[in-house]
Amino acid sequence: MATFFQNRHSTLQTLLFFLLTISSLNSSISSLNITQLLTSYPDLSDFNSLLTTTSVADDLNQRSSLTLLAVPNSYLRNSDLIHHPSSPYSSIADVIRYHVLLQYLSWSDLHQIPASGKLITTLYQTTGRAPSNFGSVNITFSPSDDVVLVHPPVSYSSSNATILSLIKTLPYNVSIFTVNSLVIPYGFDLMASETRPPLGLNITKALIDGHNFNVAASMLTASGVVEEFEADEGGAGITLFVPTDDAFADISTTEKLQSLPADKKAVVLKFHVLHSYYPLGSLESIVNPVQPTLATEDMGAGSFTLNISRVNGSVAIDTGIVQASITQTVFDQKPVAIFGISKVLLPREIFGENPIMNTKPQIGAPAPEISLSPENSPGQPSHLSSPPGFRGDMNSSAAVLGRERFVVYGTCIVLLLLYLVV
């Protein structure tokens, strides 16, 4: 009997230790802050300051896997590019984004790179401002002299940097290396004027350049709604969720999207658009959201809304009929964000059991109020804080981890109760 209770006590201790370990792990992840990590390295103070002043740090703190190439003060201060009076911070920000690799790399990973090199996507590529694959870097390793080089993906580029040392690693999530120079993307004009004309993005062209959105581009052009979208680029901006060509191919023939009359098809297209600019980091910080769309503004408050949440590490968009996920960033430059999604968003008001027959605007129906918080005002980092259910604190990923933590705790408690009952 004594052995029995000793075993139960030992098992109870194990479960409690597991709970404490998970709690500690979640706490360390949720409190991750790249700029705080760099404060321990005085020789990286200038680079750390650039991360903050250009607001690149806000995006880094929301990513779960990255490699940062930091330039020490001694090398950074020798760069005339940073201190050139014509260098606006908007241009420098993209150069800093070019030093954020969207993949965790360890020393051993770098030393296993083939002689031909390896292309790694950077944060700059996600902005949509990098032509072709020029938002990637090519990393090469020379075993003979143990040198790892980072340079743009063209052999004739003169910009390159040598990786000096690994200064910090959080295995499988974050690694920080120092390099001996800034790497400038090929064809990048660092001296571009800060006073740029309005974006005036050609949405159809941006989709065609994305190579996997031909159906959506054709539908937008044929319907004429793309002109309305482009007219909304100013002010609060817009966020488009665009199905891939494969997503259109997967639609069941019974749903008959293509056979809809023109007015209803236009409503479906507007159902894919939010009337505010939300970068990926903002979409990833959602708590119980129900978001109005451009179709909501046409059809009346409370209709044609999207439920946006985080599921299995991805942003999920639920219409009540289908659930799609964001698969890629096609374009991201304030005030326009375009994301590729895995499925066509089918509104229940048209494809559900009780479809709305009249697609004309409801007279007197109040338009949903989609306003921007002070943090999201022009010139400030964009946070999704004003729409209901969204979290505006971008300095912590606790909201993202809340559901996972709840599941872990719940599972452990159930196992503990079952064990005590038995």
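Preceding this paragraph is the structure being described.
All residue numbers refer to positions counted from 1 along the written sequence of the respective chain. Reporting of local features is limited, given that this is a predicted model, to residues whose pLDDT is at least 70; pairs of side-chain atoms are given and counted only at 80 or more, and all residues count toward the totals for whole chains, interfaces and linings. To obtain the side-chain values, all non-hydrogen atoms of the structure were included, while hydrogens and water were left out.

### Section: helix H3 (residues 45–53)
The criterion, for reference: For every residue, the accessible area (1.4 Å probe, protein chains only) is compared with the maximum for its type, and the residue is labelled buried under 20%, exposed over 50%, or partly exposed between those bounds. Helix and strand definitions here come from DSSP, where helices need a minimum of 4 consecutive H or I residues and strands a minimum of 2 consecutive E residues; each element is numbered from the N-terminal end. Comment: arc refers to directions from the helix axis out to C-beta atoms.
Turning to H3, its buried residues are Phe47, Asn48, Leu50 and Leu51. Angular distribution of buried residues about the axis of H3 spans 155 degrees; they occupy a single face of the element. Of the residues flanking the end of H3, it is Ser55, one or two places downstream, whose phi is positive at about 70 degrees.

### Side note on the sheet that holds strand S14 (residues 336–341)
Where we set the bar: Two strands pair under a simple rule: DSSP has to find at least two bridges between them.
Judged by pairing direction, the sheet is mixed, and its seven strands sit side by side in the order S9-S8-S14-S13-S12-S11-S10 without closing on themselves. Strands at the two margins of the open sheet, each flanked by one partner only, are strand S9 (273–274) and strand S10 (291–292). With six bridges connecting them, strand S13 (residues 323–333) and S14 associate as antiparallel partners. In the strand pairing of S14, Thr329 is matched with Phe339.

### Comments concerning helix H10 (residues 214–223)
For clarity, the cut-off: Throughout, a contact is declared for two residues whenever any of their heavy atoms are within 4.5 Å.
Turning to H10, its buried residues are Ala216, Ala217, Met219 and Leu220. One side of H10 holds all its buried residues, which, seen down the axis, span an arc of 165 degrees. Of the surrounding elements, those touching the buried residues of H10 are helix H9 (203–209), helix H11 (225–231), strand S8 (238–243), helix H12 (245–249) and helix H13 (262–270). After H10 finishes, the residue Gly224 shows a positive phi value of roughly 85 degrees.

### Notes on the packing of aromatic side chains
The condition that has to hold: Centre distance within 6.5 Å is the pairing criterion for rings of Phe, Tyr and Trp, where only the six-membered ring of Trp is used; planes under 30 degrees apart are then read as stacked, over 60 as edge-to-face, and the remainder as tilted.
Tallied over the full model, the rule gives six aromatic pairs. Between Phe134 and Tyr186, the ring centres sit 5.2 Å apart and the planes meet at 80 degrees, which makes this aromatic pair edge-to-face. Separated by 52 residues along the polypeptide, Phe134 in the loop between strand S3 (118–121) and strand S4 (136–142) and Tyr186 in the loop between strand S7 (174–179) and H9 bring together distant segments of the chain.

### Considering the pattern of salt bridges
Let me state the cut-off plainly: Just to be clear on terms, a salt bridge is a Lys or Arg side-chain nitrogen sitting within 4 Å of an Asp or Glu carboxyl oxygen.
Counting across every chain of the model gives five salt bridges. Put simply, Lys205 and Asp209 hold a salt bridge, and the shortest N to O gap is 2.9 Å. Separated by four residues within a single helix, Lys205 and Asp209 lie in helix H9, roughly one turn from each other. Accessibility expressed as a relative area gives 47% for Lys205, which makes it partly exposed. Judged by relative accessible area, which is 42%, Asp209 ranks as partly exposed.

### Some details on unusual backbone geometry
The backbone of Tyr172 sits at a positive phi, close to 70 degrees, despite the residue not being glycine. Mapped onto the fold, Tyr172 is located in the loop between strand S6 (161–170) and S7. Residue Tyr172 is classed as exposed on the basis of its relative accessible area of 68%. Here Phe304, not a glycine, exhibits a phi torsion of approximately 50 degrees, which is positive. For Phe304, the position within the fold is in the loop between helix H15 (294–299) and strand S11 (305–311).

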